[in-house]
Amino acid sequence: MRSSAVLTVNLFVCLSLLAALATASGQALPREGRMTEPLEKPGMPPAPVGTYRLETSPRLISPYGGFISYQVNVDQNGNNIVGDAANEPSIAVDPTNGNKIAIGWRQFNTWTSNFRQSGYGYTTDAGIHWHFPGTLQPGVFRSDPVLDYDDTGNFYYLSLLVNTFCGDIWRSTNGGQSWTERSPDGAAHSGDKEWFTVDKTPASMGHGFQYQFWTGFFACTSGEFSRSTDGGATWQSPINIPNGPDWGSLDVASNGYLFIGGNDEGSSFWCIRSTNAQNPNVTPTFDQVTTVNMGGSIVYGGSVNPGGLAGQTFLAVDRSGGPTNNNIYMVTSVSSGGGTNVMFVRSTNGGLSFSAPQRINDDPSNSAKWHWLGTLAVAPNGRIDSVWLDSRNAANNLDSQLFYSWSTDGGLTWAPNVAVSNSFDPLQGWPNQNKIGDYITIVSDNTGGDVAYSATFNFNPSRGQHEQDVYYVRVSPSGGATPTPTATTSPTATATATSTATATATATATSTATATTTPMSTATATATPTATPTATLSPTATPTGTPRVTPTPRTAPTPRIRPSPPPRPV
């Protein structure tokens, strides 16, 4: 049985290499003959008994430039689980106690299987030590984890049941140590690449409401949007969103207005507003649809992440109460022809119009480089934090580091970029799927940001490759080797936005599909596994145990008809 498994794995690796070589000459995977079904498929069995948590090694602590990344997906003894895989992390931080943080991720029991579950971990000392109690539902095929929190410190976990493409909400009242299912399995509707937010604005009529949207092509039911007015216990019947946006996120302004940022899987992006979603007595409607120029196209199938996205659309609203209050910001990694850049736009008039796209990554323009999985968060004091994975320092244009920048003037200028992690090879550790996930996430407070990302620092000797794991790092403008912000060139004249709800762009991808499975020999030399943090790994920019002061059914999916079905990066 062991030799049969090895033959199967070797065959898969060979096929993967052949596919990579076949596409190495182009800058993008061909969009002709795109998949007509999602990558998630019902009926995939769990990993065989005996392949999970049998071998361990010390958890990995990776210092770099004054920043320290701590491994999150550790076993009950705080050790690395050899042979597993974990990616696509989403983070929640208790706004009443910054020491309490939870991260959810896609947990693959073994890299040889596509079967995954809803992993989660928590910390009570601001990210230094992590506990991984298990999964929400052991043995249940789940994906696309998204976490959020409310203003009282409750955490919420939206999880997709792959067999039905229906989702449900789980709640934790103890900082992510345990979770209770709020809605029955699949009762939160949902669909592929679902995202949600909690209204944290006390003055809003919808305070505490949860809003969710998803990619409608593969969904539990019709529609792309749903709302819960009772903390995720029940959800309204789904409704459609103008233009049917995909692969995005949403946020709420201080007046209770809901804003959704999404795209058409190509070069069209929108900011879509609902002013009455906060009113529990009406069915939400969308009264403003603004076309946004992000300076390029969404990439699916790029060389750094062949089976996934190079980035989705992230939208965040400033609720600082200061001069930038209710500004709307959007960030995504897009391509204008080879590679990707992290692009930013801002609206100062309630989403009616947006600035011209501004490039956050400050390295010389190079179409061979990847600045991918870009995301952002807004601190209570109005500072904007952005993090992304970046191949600027890699001779092969693939090995990546986590980079960080911030803005204190509403996005007009951005601080010089700072590398905050060691380099890693994103093409190693693939758990059957050829990707490291489709997003990373950040939550910001007044002094810095808490980041969850996936990387391949740990080496698996039995496979001869580094493996995918989830890491936490604290970033801050005052930490590590971070330079002082300096003024940069302001964006050009404000772009006029439209208020129509008509999608016209055709989805195109312009990414590279080259792959390599050569193990890294030097990228993690300074990230030697360590059992516990020592005094030499405690710079001022890194969270410590001291509290931080900071101001939660259907039997099968029903596809929605579209002229050209897209590939599914779930």
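The shown structure was predicted, so the numbers you read here are calculated from the model rather than taken from an experiment.

Chemist: Is there a simple way to think about the overall build of the protein chain in this case?
Modeler: Looking only at helices and strands, the protein chain has one helix and 34 strands in total. Among the 570 residues that make up the protein chain, the fraction classed as buried is 62%. By element, 56% of the accessible surface of the protein chain is carried by carbon and sulfur atoms, the whole surface being about 19400 Å².

Chemist: Would you mind going over the pairing of strand β10 (residues 155–161) with me for this structure?
Modeler: For a regular strand, the rule is simple: side chains alternate between the two faces of the sheet. For β10, a buried count of seven out of seven residues is recorded, marking the element as mostly surrounded by other parts of the structure. On β10, burial covers both faces: Phe155, Tyr157, Ser159 and Leu161 on one face and Tyr156, Leu158 and Leu160 on the other are all buried. Here strand β9 (residues 142–149) runs beside β10; their pairing, made up of six bridges, is antiparallel. Opposite Val146, over in β10, you have Leu158 as the bridge partner. The pairing of β10 with strand β11 (residues 166–172) spans seven bridges and is classified as antiparallel. By the bridge assignment for β11, Leu160 is matched with Gly167.

Chemist: Sorry, what's going on with the sheet that holds strand β2 (residues 61–64) here?
Modeler: The sheet built from five strands is open, its strands ordered β2-β3-β33-β30-β29 with antiparallel pairing. Of all strands in the sheet, those bounded by a partner on one side alone are β2 and β29 (441–444). For this sheet the average axis-to-axis angle between neighbouring strands, irrespective of direction, equals 20°.

Chemist: Explanation requested: the sheet that holds strand β27 (residues 401–407) in the structure shown.
Modeler: Across a sheet, paired strands are connected by hydrogen bonds in the backbone, their directions being either parallel or antiparallel. Sheet architecture is open: four strands sit in the order β25-β26-β27-β28, paired in antiparallel fashion. Of all strands in the sheet, those with a lone pairing partner are β25 (371–378) and β28 (418–419), marking the two edges. Here strand β26 (residues 384–390) runs beside β27; their pairing, made up of seven bridges, is antiparallel. By the bridge assignment, Leu389 is partnered in β27 with Leu402.

Chemist: Is there a simple way to explain the state of the cysteines in this structure?
Modeler: Put plainly, a disulfide is one covalent bond tying together the sulfur atoms of two cysteines. Applying the stated criterion across every chain yields a total of one disulfide. Between Cys166 and Cys220 runs a disulfide, and the two sulfur atoms are separated by 1.9 Å. Across the S-S bond of Cys166 and Cys220 the torsion is about 70°, and the bridge reads as right-handed. Taken together, the positions of Cys166 in strand β11 and Cys220 in the loop between β15 (218–219) and β16 (225–228) put the pair 54 residues apart, joining distant regions of the chain. Neither Cys166 nor Cys220 differs from the other in exposure class; each is buried.

Chemist: I keep staring at the confidence of the model for the protein chain and nothing clicks. Help me out?
Modeler: In regions of low pLDDT, the predicted coordinates are not meant to be interpreted in detail. In the predicted model, the protein chain carries a mean pLDDT of 81, and 75% of its residues have values of at least 70. Confidence drops under pLDDT 50 across residues 1–37; counting only partners more than four residues distant or on other chains, this segment forms 44 contacts. Note that residues 481–566 has pLDDT below 50 and, in this model, 247 contacts with residues that lie over four places away or in other chains.

Chemist: Quick question: what am I supposed to make of the packing of aromatic side chains here?
Modeler: How two aromatic rings sit relative to each other is set out by the distance from centre to centre and by the angle between their planes. For the structure on display, the rule yields 18 aromatic pairs. Judged by centre distance (5.0 Å) and plane angle (65°), the rings of Trp105 and Phe132 are edge-to-face. Note that Trp105 is positioned in strand β6 (residues 101–108) and Phe132 in strand β8 (residues 131–135), a separation of 27 residues in sequence. Phe132 shares its class with Trp105; the two are buried. Ring geometry for Phe209 and Tyr211: centres 6.4 Å apart, planes at 70°, overall edge-to-face. Tyr211 carries the same exposure label as Phe209, and that label is buried. Through successive ring pairs, a cluster of aromatic residues spans Phe209, Tyr211, Phe225 and Phe286. In this structure, Lys200 is placed above the aromatic ring of Tyr149, and the distance from its NZ or CZ to the ring centre is 4.7 Å. When the ring centre of Trp111 is taken as reference, the NZ or CZ atom of Arg463 above it lies at 3.7 Å.

Chemist: Just checking my understanding: could you explain the environment of Phe108 for this structure?
Modeler: Mapped onto the elements of the fold, Phe108 is located in strand β6. Judged by relative accessible area, which is 0%, Phe108 ranks as buried. A sequence separation of 10 residues divides Phe108 from Ser118, and the C-alpha atoms of the two residues are 9.1 Å apart.

Chemist: In this structure, what is going on with the side chain of Gln312? I would like to understand it.
Modeler: Position of Gln312 relative to the elements: it lies in the loop between β20 (288–292) and β21 (314–317). Overall, Gln312 belongs to the buried group, its relative accessible area being 1%. With sequence-adjacent residues up to four places away left out, Gln312 is seen in contact with Lys193, Trp195, Trp247, Gly248, Ile298, Val331, Thr332, Gly374, Asp438 and Tyr439.

Chemist: In this structure, what is going on with the nonpolar core? I would like to understand it.
Modeler: Soluble globular proteins tend to bury their nonpolar side chains together. With 39 residues, the main nonpolar core has Tyr211, Phe225 and Ile260 as its most contacted residues. Considering each element in turn, this core owes the most residues, three residues, to strand β13 (residues 195–198). Beyond its immediate chain neighbours, meaning those up to four positions away, Ile260 contacts Phe213, Phe225, Ile241, Pro245, Ser249, Leu250, Trp270, Cys271, Ile272, Phe286 and Leu315. The next biggest cluster of nonpolar side chains, apart from the first, holds 31 residues, and it includes Tyr404, Trp430, Tyr453 and Val475.

Chemist: Even after reading the chapter, I still don't get the side chain of Ser204, so can you show me in this structure?
Modeler: On the secondary structure map, Ser204 appears in the loop between β13 and β14 (210–213). Since its relative accessible area comes to 5%, Ser204 is described here as buried. Polar side-chain contacts of Ser204 include one of 2.7 Å to the side chain of Asp199. Among residues more than four places away in sequence, those in contact with Ser204 are Asp199, Gly256 and Gln278.

Reading the values: the criteria
Residues numbered from 1 in each chain as written. Predicted model: local features only at pLDDT ≥ 70, side-chain atom pairs only at ≥ 80, totals over all residues. Heavy atoms only, no water. Helix = DSSP H or I, 4+ residues; strand = E, 2+ residues; numbered from the N terminus. Buried < 20%, exposed > 50% of the residue type's maximum accessible area, 1.4 Å probe, protein only. Areas by Shrake-Rupley, 256 points an atom, 1.4 Å probe, with all protein chains shown as cover. Pairing = 2+ DSSP bridges. Axes fitted to C-alpha atoms, helices over the stretch in contact; angles between N-to-C directions. Disulfide = S-S within 2.5 Å. pLDDT = per-residue confidence, 0-100. Contact = heavy atoms within 4.5 Å. Phe/Tyr/Trp six-rings, centres within 6.5 Å; stacked < 30°, edge-to-face > 60°. Lys NZ or Arg CZ within 6 Å of the ring centre and 35° of its normal. Core = buried A, V, L, I, M, F, W, Y, C linked by side-chain atoms within 4.5 Å. Polar contact = N/O pair within 3.5 Å; in protein donor to acceptor, adjacent residues only side chain to side chain.

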